[in-house]
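Coordinate inspection notes
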Amino acid sequence: MAERSLRGTNLSTLSFETEDGITFSERQMVSYVCPEGHVSELPFSVEADVPAIWECRCGAEAKLVDGPEPDRKPTKAPRTHWDMLLERRTIPELEELLQERLTLLRASRGEKSAQRSA
């Protein structure tokens, strides 16, 4: 019964609110250009802080036309597994561990001593 009363009202896309009595803020059109040459024009409120960088539709960073140069934050190089390992162990400790593991591996394979004379 409830389905019949809502049928045809288009609730998902139709708004029953009107724009009477609403004052919209003033808008300004801002242009951005990416390295690929794409131009993006976006409306911003006059009161809004306009960002110096905007992501272009191609995924590149578009810069504000006639705007200040964007501030770049210094980034640290990503730590690798080796960097983190060296924070916990020294090179001599790692060499000792390597020899222990090689000896254990050779023993499990049934090989003779790791030191062979040539």
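Every chain is numbered on its own, with residues counted from 1 as its sequence reads. Local features in this predicted model are restricted to residues of pLDDT 70 or higher, and side-chain atom pairs are both shown and tallied only at a pLDDT of 80 or more, whereas totals for entire chains, interfaces and linings draw on every residue. With hydrogens and water set aside, each side-chain value is computed from the structure's full complement of heavy atoms.

**A short note on the packing of helix α2 (residues 81-88) against helix α3 (residues 91-109)**
Selection rule: Convention adopted: a line fitted to C-alpha atoms gives each axis, helices being fitted over their contacting stretch, and angles between N-to-C directions are expressed from 0 to 180 degrees. In this description a helix means any DSSP run of H or I spanning at least four residues, a strand means any run of E spanning at least two, and both kinds are numbered starting from the N terminus. Should an angle lie under 35 degrees it is considered roughly parallel, over 145 roughly antiparallel, and from 65 to 115 roughly perpendicular; all remaining angles are considered oblique. Pairs of residues are marked as contacts when any of their non-hydrogen atoms sit within 4.5 Å. Charged means Asp, Glu, Lys or Arg here, nonpolar means Ala, Val, Leu, Ile, Met, Phe, Trp, Tyr, Cys or Pro, and polar covers whatever is left, Gly included.
The contact between α2 and α3 brings their axes to 9 Å, and the two run at 100°. The angle between α2 and α3 falls in the class roughly perpendicular. Two secondary-structure elements touch here, α2 through Trp-82, Leu-85, Leu-86 and Arg-88 and α3 through Ile-91, Glu-93 and Leu-94. Residue composition of the contact of α2 with α3, by class: five nonpolar, no polar and two charged.

**A closer look at the packing of aromatic side chains**
Spelled out, the test is: The pairing test for Phe, Tyr and Trp rings, Trp by its six-membered ring, is centres within 6.5 Å, and the orientation test on the planes gives stacked under 30 degrees, edge-to-face over 60, and tilted for anything in between. Only protein chains enter the accessibility calculation, which uses a 1.4 Å probe. A residue is then buried if its area is under 20% of the maximum for its type, exposed if over 50%, and partly exposed in between.
Applying the stated criterion across every chain, the model contains two aromatic pairs. Pairing Phe-44 with Trp-54 gives two aromatic rings, centres 5.7 Å apart and planes at 90°, and the pair type is edge-to-face. Of this pair, Phe-44 sits in strand β2 (residues 39-45) while Trp-54 is found in strand β3 (residues 53-55), placing the two residues ten residues apart along the sequence. Given a relative accessible area of 34%, Trp-54 falls into the partly exposed group. Taken together, the ring pairs in this structure connect Tyr-32, Phe-44 and Trp-54 into an aromatic cluster.

**Side note on the UniProt feature "binding site: Zn(2+)" (unreviewed entry) in the protein**
For the record, the criterion: UniProt positions are given in the numbering used here, feature names are shortened, and annotations may be inferred rather than shown by experiment.
Under the UniProt annotation, "binding site: Zn(2+)" (unreviewed entry) lies at Cys-34, His-38, Cys-56 and Cys-58. A maximum C-alpha distance of 8.7 Å is found for the annotated residues, which run over 25 residues; spatially they form one tight group. Residue contacts for Cys-34: discarding those within four places in its chain leaves Cys-56, Cys-58, Ala-60, Glu-61 and Ala-62. The topology assignment puts Cys-56 in the loop between β3 and β4 (61-64). When its relative accessible area of 4% is taken as the criterion, Cys-56 is described as buried.

**Comments concerning the nonpolar core**
Operational definition: In these notes, a set of buried Ala, Val, Leu, Ile, Met, Phe, Trp, Tyr and Cys residues joined through side-chain atoms within 4.5 Å is what counts as a nonpolar core.
Of all hydrophobic cores here, the largest spans seven residues; its members are Val-30, Tyr-32, Cys-34, Phe-44, Cys-56, Ala-62 and Leu-64. Going through the elements one at a time, β1 (27-33) and β4 are the ones with two or more residues in this core. Aside from chain neighbours lying at most four places away, what touches Leu-64 is Val-30, Ser-31, Tyr-32, Val-50, Pro-51 and Ala-52.

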